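For reference, the chains in residue letters:
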Amino acid sequence: MSKTFVVLPTYNEIENLQKIVEAIFYHLPHTHLLIVDDNSPDGTGKIADQLASEKPEQIFVLHRLKKEGLGRAYLAGFKRVLELGAEIIIQMDADFSHPPSLLPLMIKELAQVDFVLPSRYIKNGGTQNWGVLRQIISRGGNLYARLVLKSPVHDLTGGFKAFRRPVLEYLLSCPIQANGYSFQIEMTTRALQKGFHFKEIPFIFVDREDGKSKMSKKIVFEALFKTYRLRKELLQKKTLTLSSVLLQENKR
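The paragraphs below set out a description of the structure included in this document. This structure is a prediction, so every number in the text was calculated from the model and none was measured.

Quick notes on the rules
- Residues numbered from 1 in each chain as written.
- Predicted model: local features only at pLDDT ≥ 70, side-chain atom pairs only at ≥ 80, totals over all residues.
- Heavy atoms only, no water.
- Buried < 20%, exposed > 50% of the residue type's maximum accessible area, 1.4 Å probe, protein only.
- Helix = DSSP H or I, 4+ residues; strand = E, 2+ residues; numbered from the N terminus.
- Pairing = 2+ DSSP bridges.
- Expected span 1.5 Å × (residues − 1).
- Salt bridge = Lys/Arg side-chain N within 4 Å of Asp/Glu carboxyl O.

**Some points on the pairing of strand β1 (residues 4–10)**
Right, so step 1: Burial analysis of β1 places seven of its seven residues in the buried class, the great majority of the element.
Right, so step 2: Side chains T4, V6, L8 and T10 project from β1 onto one buried face, and the interleaved F5, V7 and P9 project onto a second face that is buried too.
Right, so step 3: The pairing of β1 with strand β4 (residues 88–91) spans four bridges and is classified as parallel. In the sheet register, V7 faces β4, and the bridge partner there is Q91.
Right, so step 4: Relative to strand β2 (residues 32–37), β1 runs parallel, the two sharing six bridges. Paired with F5 across the two strands is H32, which belongs to β2.

Have a look at this one:
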C-alpha cells in the first residue's frame, strides 16, 4: 500500500486544527499527516505537538520560524514528506473549506493519473457562503490565468490537490517563486508543462466558519503579475527548445 501524507499548513488555526485532524483520520484512518505551522502566535503549534504525541507514528509537525506565505510553507512540507517516504501527497487547507470526505476519492483517482485537482468550476462544483465580490475575484482570476497560460485546467487557483511522488520530485526541482494564489497556478502549470496527466473532480468550497481568512489584496495582485511573468518564462523556454531542435536539424 502506497504511503500517503496529507500536508496541512497552519497559521492561527487554533479553532480548527483538532477538528480537521479528526476529520482527516475519520476518512483516511491509515494516512500520515504533516502539520506545517508558521510559528502561529495563537498557540496552534502547541496543539499540533499535542496531537502528534497522541499518534507519533502518523502525525508529524514541522515548525517554521516565521510566516513566509503559503507557498513557502507547502514547499517545506513537500520536501519533508518526501524525506519521510511519501508516495501519495495531498495538500489541503485546515479551515474545512476543503472537505476531508473527498480524500478517499482523490486517492482512488490517482490510480489513473499523476495528480488530481478538485475543482469549483466544473459541473457539480461550486462555492458556498461567498459574497458577490469574492465570486468575481475568484472566477475572474481563474479566467485570467486560463487565458494567459492557455490552460485546460478550470480551477487554477485551487489549493486542494493530490500528487504522485514523481510530480512533486519534479516540482521541487523547479524555481518556484510564487506564494499565494499564484503558487497554486505555478505548481499546476509547471506540472502540465512537464507532461504529467491530471484529472479534475468537482467539489463544493465552503468558506470558513471559524478563524480569519488569509485572503488579501496583495495575494490577488501577486497572482495577476506572476501569472503573466510565468507565461513569458514558458514562452521563452518554448522558443529556446524550438531553436535547439532547428539547430540540430540543420547539423544533420
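**Some points on helix α5 (residues 132–149)**
Right, so step 1: Helix length check: α5 (18 residues) gives 26 Å between terminal C-alpha atoms against 26 Å at 1.5 Å per residue, within 8%.
Right, so step 2: Where α5 ends, the next residue or the one after it, K150, has phi of about 55°, a positive value.

**Here we look at the pattern of salt bridges**
Right, so step 1: Going through the model one piece at a time under the given rule, you end up with eight salt bridges.
Right, so step 2: R64 serves as the salt-bridge partner of E68, at 3.0 Å between the closest nitrogen and oxygen.
Right, so step 3: Its salt-bridge partner being R80, residue E83 comes within 3.3 Å of it at the nearest N-O pair. One end of the pair, E83, and the other, R80, are both in helix α3 (residues 70–83), three residues apart, so they sit about a helical turn from each other.
Right, so step 4: Three or more residues are tied together by salt bridges with common partners; here these are D38, R64 and E68.

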